[in-house]
Amino acid sequence: MPSARARPVLVAVVAALLLVACHATPRPLPEPAPVRPQWQSVDLALPAGAAGRPVLRDVARCAGRWYVVGGLVDPAGETRPAAWSSSDGVTWSPIPVRAQTFYGRQHVLFAVACRDDGMAALGAKTGGVHGNPRTGTWVWRPGGPLREIPGAFELFGGPRAVSASRLAAGPAGWLVAGARADGAAVWSSPDAEGFVLREGVAELAGDGRGRTAAYDVAAVGPGWLVVGSLLPPGGTSRTPLSWFSADGRVWRRVALPMPAGTSGAAERVVPADGGPVAVGPVGDRFAVWRGCDDCGSPSAGSAGAALGWRRVGGFGSAGPGVSSVDALAASGGRLVAVTGDGAQRRLWMSRDGGASWLPVITPVAVPDGGDAALTVAVRDDGLLVVADDGKTSRAWWGALSAVDR
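A quick note: this is a predicted structure, and the numbers were derived from the prediction, not measured.

**A closer look at the side chain of Ser-245**
Phase 1 of the analysis: Its place among the elements puts Ser-245 in strand β17 (residues 239-245).
Phase 2 of the analysis: Look at Ser-245 and you get buried, because its relative accessible area is 1%.
Phase 3 of the analysis: Only 3.1 Å separates the side chain of Ser-245 from the side chain of Asp-247, close enough to count as a polar contact.
Phase 4 of the analysis: In terms of polar contacts, Ser-245 uses its side chain to reach the backbone amide nitrogen of Arg-249, at 3.4 Å.
Phase 5 of the analysis: When neighbours within four sequence positions are excluded, Ser-245 is seen to be in contact with Gly-223, Trp-224, Val-250 and Trp-251.

Dropping the structure here:
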């Protein structure tokens, strides 16, 4: 036993060692193992008489059918619209295309939505004196061709044009989300056979609180949920926003929660089990929000109840001004997202409704920028990925193991 005189010294030494141990750099936690789907290249046959290489841009799944849209580009760089469908995600057939206008014959289809009675798409081709996108809509019914729907030039273009970003289908019809000169705007249609522009709408458009922009839309019950951002007057930091409308005409606005002093936007939204989920860059990460009754700021929900948002997770690395969420898909409790960080596009999966995320190994590396693209649709047993690295565009089916489902 140490002497009484030595005991204080021994206690001091032990205390010092414990203090050092408490302040020592902790060992990093092991990185979670990425999801590794069993990737299988999907053959998208060219339409009869067509030439060129596919340029694939978007994918959707509904009512047991898959759709891929994009275009074909020939050696001279000329483009034409193209689309394919499949009942299983593996065996595909081209959909006949019927264009009606000069620019429509050159469209590349960049956004697709579907429901049980058909599919619709947005297409664009840069042209005209100012080199602006000449945007238009397309519609397909089972047994027929994918038809261009001619519209007035200023429906999507003209001096007030900014963007037409995404398209959604729901029980009430079809809705396009985008922006015009005075901020967020939508285009609505009961059947995708012709859209009506709604711009300058109270709460949806910009006002004294700042300039708004809409990036994505989802059908929620009988109504519509749009997500985007607000840039205050003279400010540089964006605030993520959402809007709900029961009819596409009257909108209510609500801000999504984020830490003070950060900048962010809600860039994608999907209906999911447990409520809609939105994802977007906030600060140096990608934030995940879930819509919920009676939480946060009130807005009109699908059943008329209060709908707010709570932040449920975050993942990845987002760089200011360069990061983006390029796709978001849901199946059951699983979410799959595509993000860009300014250098590379990446694929992520959540199996718990957005609280935690795992990286997904993609079939090919896809840069973030240029003519590259990466997007995804999901089913319980696998993923359908469209990947374009700027040189080659391919579709892939990724079967999920039992542990990843």
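**Quick word on the sheet that holds strand β11 (residues 161-170)**
Phase 1 of the analysis: Spatially, β11-β12-β13-β14 is the arrangement adopted by the four strands of the open sheet, whose pairing is antiparallel. For this open sheet the edge positions go to β11 and β14 (196-198), each flanked by a neighbour on one side alone. Strand-to-strand, the axes of this sheet are offset by a mean angle of 25°, without reference to chain direction.
Phase 2 of the analysis: Sheet topology note: the β11/strand β12 (residues 173-180) ladder contains eight bridges and is antiparallel. Within the sheet, the bridge partner assigned to Ala-168 lies in β12 and is Leu-175.

**As for the sheet that holds strand β18 (residues 252-255)**
Phase 1 of the analysis: If you walk across this open sheet you meet the four strands as β15-β16-β17-β18, and the pairing is antiparallel. The open sheet has two free edges, formed respectively by β15 (211-220) and β18, since each of these has just one partner strand. When strand polarity is set aside, the average angle formed by the axes of neighbouring strands in this sheet is 25°.
Phase 2 of the analysis: With four bridges joining them, β17 and β18 adopt antiparallel strand pairing. Paired with Ser-242 across the two strands is Val-254, which belongs to β18.

**Topic: the side chain of Thr-339**
Phase 1 of the analysis: Topologically, Thr-339 is positioned in strand β24 (residues 334-340).
Phase 2 of the analysis: Side-chain polar atoms of Thr-339 contact the side chain of Trp-348, separated by 3.0 Å.
Phase 3 of the analysis: When residues no more than four places from it in sequence are discounted, the contact partners of Thr-339 are Phe-286, Phe-315, Ser-324, Val-325, Asp-326, Gln-344, Arg-345, Arg-346 and Trp-348.

**Considering the pairing of strand β23 (residues 324-331)**
Phase 1 of the analysis: Most of β23 sits inside the fold, with six of its eight residues counted as buried.
Phase 2 of the analysis: Here β23 pairs with β24 via seven bridges, running antiparallel. Residue pairing for β24: Val-325 is matched across the bridge by Thr-339.
Phase 3 of the analysis: Linking β23 to β24, which pair antiparallel, is a turn of two residues; within it Gly-332 sits at a positive phi near 65°.

**Observations concerning the pattern of salt bridges**
Phase 1 of the analysis: Across all of its chains, the model carries 17 salt bridges by this definition.
Phase 2 of the analysis: Asp-58 is the partner of Arg-166 in a salt bridge, and the nearest nitrogen-oxygen pair spans 3.2 Å. You can see Arg-166 sitting in strand β11 and its partner Asp-58 sitting in strand β2 (residues 53-62), a full 108 residues away along the chain.
Phase 3 of the analysis: Owing to a relative accessible area of 2%, Asp-58 belongs among the buried residues under this scheme.
Phase 4 of the analysis: In this structure, the salt-bridge partner of Glu-199 is Arg-160, at a minimum N-O distance of 3.1 Å. Of the two residues, Glu-199 is situated in the loop between β14 and β15 and Arg-160 in the loop between α2 (153-156) and β11; the sequence distance between them amounts to 39 residues.
Phase 5 of the analysis: Assessed through its relative accessible area of 26%, Glu-199 is described here as partly exposed.

**Quick look at the nonpolar core**
Phase 1 of the analysis: Membership of the largest hydrophobic core comes to 19 residues, with the highest contact counts inside it found for Val-336, Leu-347, Met-349, Val-376 and Leu-383.
Phase 2 of the analysis: Of all the secondary-structure elements, those providing two or more residues to this core are β23, β24, β25 (344-350), β26 (358-360), β28 (373-379) and β29 (382-388).
Phase 3 of the analysis: What Val-336 contacts, discounting residues up to four positions off in sequence, is Ala-327, Leu-328, Ala-329, Leu-347, Trp-348, Met-349, Val-376, Val-378 and Leu-383.

**Some remarks on the packing of aromatic side chains**
Phase 1 of the analysis: Tallied over the full model, the rule gives seven aromatic pairs.
Phase 2 of the analysis: A centroid spacing of 5.6 Å and a plane angle of 85° characterise the contact between Trp-66 and Trp-397, whose relative ring orientation is edge-to-face. One end of the pair, Trp-66, is in strand β3 (residues 65-73); the other, Trp-397, is in strand β30 (residues 393-399), and 331 residues separate them in sequence.
Phase 3 of the analysis: Directly above the aromatic system of Trp-396 lies the positively charged group of Arg-394, at a separation of 5.3 Å from the ring centroid.

**Comments concerning the state of the cysteines**
Here, the word disulfide means a covalent bond between the sulfur atoms of two cysteines.
Phase 1 of the analysis: Applying the stated criterion across every chain yields a total of one disulfide.
Phase 2 of the analysis: A disulfide bridge connects Cys-62 with Cys-114, and the sulfur atoms are separated by 2.1 Å. Of the two residues, Cys-62 sits in strand β2 while Cys-114 sits in strand β7 (residues 108-115), which places them 52 residues apart along the sequence. No difference in accessibility class separates Cys-62 from Cys-114, as the two residues are buried.

**Focus: unusual backbone geometry**
Phase 1 of the analysis: The backbone of Ala-63 shows a phi angle near 50°, a positive value even though the residue is not glycine.
Phase 2 of the analysis: Residue classification places Ala-63 among the exposed residues on the basis of a relative accessible area of 62%.
Phase 3 of the analysis: Its identity is not glycine, yet Glu-203 carries a phi of approximately 75°, on the positive side.

**Points about the environment of Ala-192**
Phase 1 of the analysis: Take Ala-192: it is sitting in the loop between β13 (183-189) and β14.
Phase 2 of the analysis: Residue class for Ala-192 comes out buried when judged on its relative accessible area of 0%.
Phase 3 of the analysis: The spatial distance from the C-alpha of Ala-192 to the C-alpha of Ile-149 is 8.5 Å, given a sequence separation of 43 residues.
Phase 4 of the analysis: If sequence neighbours within four positions are ignored, Ala-192 has contacts with Ala-120, Val-139, Ile-149 and Trp-174.

Cut-offs and rules
- Residues numbered from 1 in each chain as written.
- Predicted model: local features only at pLDDT ≥ 70, side-chain atom pairs only at ≥ 80, totals over all residues.
- Heavy atoms only, no water.
- Helix = DSSP H or I, 4+ residues; strand = E, 2+ residues; numbered from the N terminus.
- Buried < 20%, exposed > 50% of the residue type's maximum accessible area, 1.4 Å probe, protein only.
- Polar contact = N/O pair within 3.5 Å; in protein donor to acceptor, adjacent residues only side chain to side chain.
- Contact = heavy atoms within 4.5 Å.
- Pairing = 2+ DSSP bridges.
- Axes fitted to C-alpha atoms, helices over the stretch in contact; angles between N-to-C directions.
- Salt bridge = Lys/Arg side-chain N within 4 Å of Asp/Glu carboxyl O.
- Core = buried A, V, L, I, M, F, W, Y, C linked by side-chain atoms within 4.5 Å.
- Phe/Tyr/Trp six-rings, centres within 6.5 Å; stacked < 30°, edge-to-face > 60°.
- Lys NZ or Arg CZ within 6 Å of the ring centre and 35° of its normal.
- Disulfide = S-S within 2.5 Å.

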